[in-house]
Amino acid sequence: MPKALKKIGILGAGQLAEFIITGIDKVSAPFDFMLSPRSHERGLKLKNKFNLEIAESNQHLLDSCDMVFICLPSNNSLSILSDLNFRKENSILSAIAGITRAAICRTTNCKAVHTSMMPGYANASNKGPSLLFPENSEWHEFLLFLGPVFECKTEKEFNVAAIIGAVSGASFVLFETLSKWFENNNLSSKFSQNLLLETLKGNIEIALESDETLSEIISKVATPGGITESLVNQLDQKEALSSWLEGMDTILNNNSSKK
């Protein structure tokens, strides 16, 4: 007998919801979804593509589903949640960027609140890592179908780790910037992009497979007086590397101020 599907209500039928549903559908994971009616056009697209149910209202979704995945836009998410009556049976997984677990607990009056952060795009191909805090077997099972799961032991640890969401998105801007340099120097667009991405892919795979630290790997590839050292020195002089760290600090501090 086929395993019964767990129904998960999704509040916020945006791009992240589509990525998640796509990833779950690709591996035939034992989950079904009910979508919030917030985005009618996108909701209909997802309904028709994946044969999903659209709730009559956000409250209807909460009343119908014990597990609720929230991926609302951060700017008005707490306002939307404050208008709803959550049940004691509701188990929440929030992927709202910049909104703390404590704020969601206060707004929903729910104790079973869990937080996550995922890249989204990679999850649609079941390759994206997800954060989870606090530990929960049901949500861990769900996220594991979308890629590796990193469980955080404390909320402070989660808040720091969640900055990876910004790094993930910004990395594509970095990829494009570097690819454009090759293109501007008379390589074709496709050649430039593939050369860059295949190089980075190889480096990442080697680093993941190696028992060496990143510092140990750098010592082997950055020959003294070589082109790697020259480029890194140029970046350091322009504070290009430290600017990434300052940007991450700013996001972390802004998120902490919203508690």
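For clarity, every value in this text was computed on a predicted model and none was experimentally measured.

The rules we used
Residues numbered from 1 in each chain as written. Predicted model: local features only at pLDDT ≥ 70, side-chain atom pairs only at ≥ 80, totals over all residues. Heavy atoms only, no water. Helix = DSSP H or I, 4+ residues; strand = E, 2+ residues; numbered from the N terminus. Buried < 20%, exposed > 50% of the residue type's maximum accessible area, 1.4 Å probe, protein only. Contact = heavy atoms within 4.5 Å. Areas by Shrake-Rupley, 256 points an atom, 1.4 Å probe, with all protein chains shown as cover. Lys, Arg positive; Asp, Glu negative; His and termini not counted. Charge placed at Lys NZ, Arg CZ, Asp CG, Glu CD. Phe/Tyr/Trp six-rings, centres within 6.5 Å; stacked < 30°, edge-to-face > 60°. Axes fitted to C-alpha atoms, helices over the stretch in contact; angles between N-to-C directions. Parallel < 35°, antiparallel > 145°, perpendicular 65-115°, else oblique. Nonpolar A, V, L, I, M, F, W, Y, C, P; charged D, E, K, R; others polar. Pairing = 2+ DSSP bridges. Patch = residues over 30% accessible without salt bridge, like charges linked within 9 Å, V, L, I, M, F, W, Y side chains within 5 Å. Salt bridge = Lys/Arg side-chain N within 4 Å of Asp/Glu carboxyl O. Expected span 1.5 Å × (residues − 1). Right-handed = clockwise from strand over helix to strand, strands pointing away.

Our focus in this paragraph is the overall build of the chain. Of regular secondary structure, the chain possesses 12 helices and eight strands. If one aligns the C-alpha atoms of the chain with their principal axes, the spans along those axes are about 65 × 40 × 35 Å. Relative to its full complement of 259 residues, the chain shows a buried share of 35%. Excluding contacts between residues fewer than 6 apart, the proportion of contacts in the chain whose partners are at least 24 apart in sequence is 53%. Total accessible area on the chain stands at roughly 15400 Å², and carbon and sulfur atoms take up 55% of it. Measuring between centres, the 24 positive side-chain charges of the chain sit 5 Å from its 29 negative side-chain charges.

Right, let's get into the packing of aromatic side chains. Across all of its chains, the model carries nine aromatic pairs by this definition. The structure contains a cluster of three or more aromatic residues connected by ring pairs, namely Phe31, Phe33, Phe69, Trp139, Phe142 and Phe145.

What follows is about the environment of glutamine 15. Structurally, glutamine 15 can be placed in helix H1 (residues 15–26). A residue is classified by how much of its surface remains accessible, and glutamine 15, at 38% relative accessible area, is partly exposed. As a C-alpha pair, glutamine 15 and serine 28 span 13 residues in sequence and 20 Å in three-dimensional space.

Now for the packing of H1 against helix H2 (residues 40–50). Running from amino to carboxyl end, H1 crosses H2 at an angle of 5 degrees, the nearest separation of the two axes being 11 Å. With respect to each other, H1 and H2 are oriented roughly parallel. On the side of H1, the interface is formed by Gln15, Glu18, Ile21, Thr22 and Asp25, while H2 contributes Arg42, Lys45, Leu46 and Phe50. Grouping the constituent residues of the contact of H1 with H2 by class yields three nonpolar, two polar and four charged.

Let us now look at the pairing of strand S1 (residues 6–11). As judged from the five bridges shared by S1 and strand S2 (residues 31–35), these two strands associate in the parallel manner. Bridge pairing links isoleucine 10 to leucine 35 in S2. Looking at chain direction, S1 and strand S4 (residues 67–70) are connected through four bridges and run parallel. Residue pairing for S4: isoleucine 10 is matched across the bridge by phenylalanine 69.

To continue, consider a positive patch on the surface. Among the surface-exposed residues, Lys26, Lys49, Lys127 and Lys201 lie close enough to one another that they form a single positively charged patch. Its place among the elements puts lysine 26 in helix H1.

Because an α-helix packs 3.6 residues into every turn, residues spaced three or four apart end up facing the same way. For H1, which comprises 12 residues, the first-to-last C-alpha distance of 17 Å matches the rise-based estimate of 16 Å (1.5 Å per residue) to within 8%. Across the 12 residues that make up H1, a large majority, nine, are buried. Those residues of H1 that fall on the buried side of the exposure criterion are Leu16, Ala17, Glu18, Phe19, Ile20, Ile21, Thr22, Gly23 and Ile24. Tucked into the core, H1 has its buried residues touching S1, S2, H2, S4 and helix H6 (137–144). After H1 finishes, the residue serine 28 shows a positive phi value of roughly 50 degrees.

Next up on the list: the sheet that holds S1. An order of S3-S2-S1-S4-S5-S6-S7-S8 is seen for the eight strands of this open sheet, with the pairing classed as mixed. Of all strands in the sheet, those with a lone pairing partner are strand S3 (53–54) and strand S8 (149–151), marking the two edges. Taken strand by strand, H6 contacts S1, S2, S4, strand S5 (91–94), strand S6 (113–117), strand S7 (130–133) and S8, and its axis lies near 180 degrees from that of S7.

Quick look at the pairing of S4 now. Along any regular strand the residues' side chains alternate between the sheet's two faces. Going residue by residue along S4, you find Met67 and Phe69 tucked away on one face and Val68 and Ile70 tucked away on the opposite face as well. Pairing between S4 and S5: four bridges, direction parallel. Within the sheet, the bridge partner assigned to isoleucine 70 lies in S5 and is serine 94. Note that the unit made of S4, helix H4 (residues 77–82) and S5 has a crossover that is right-handed.

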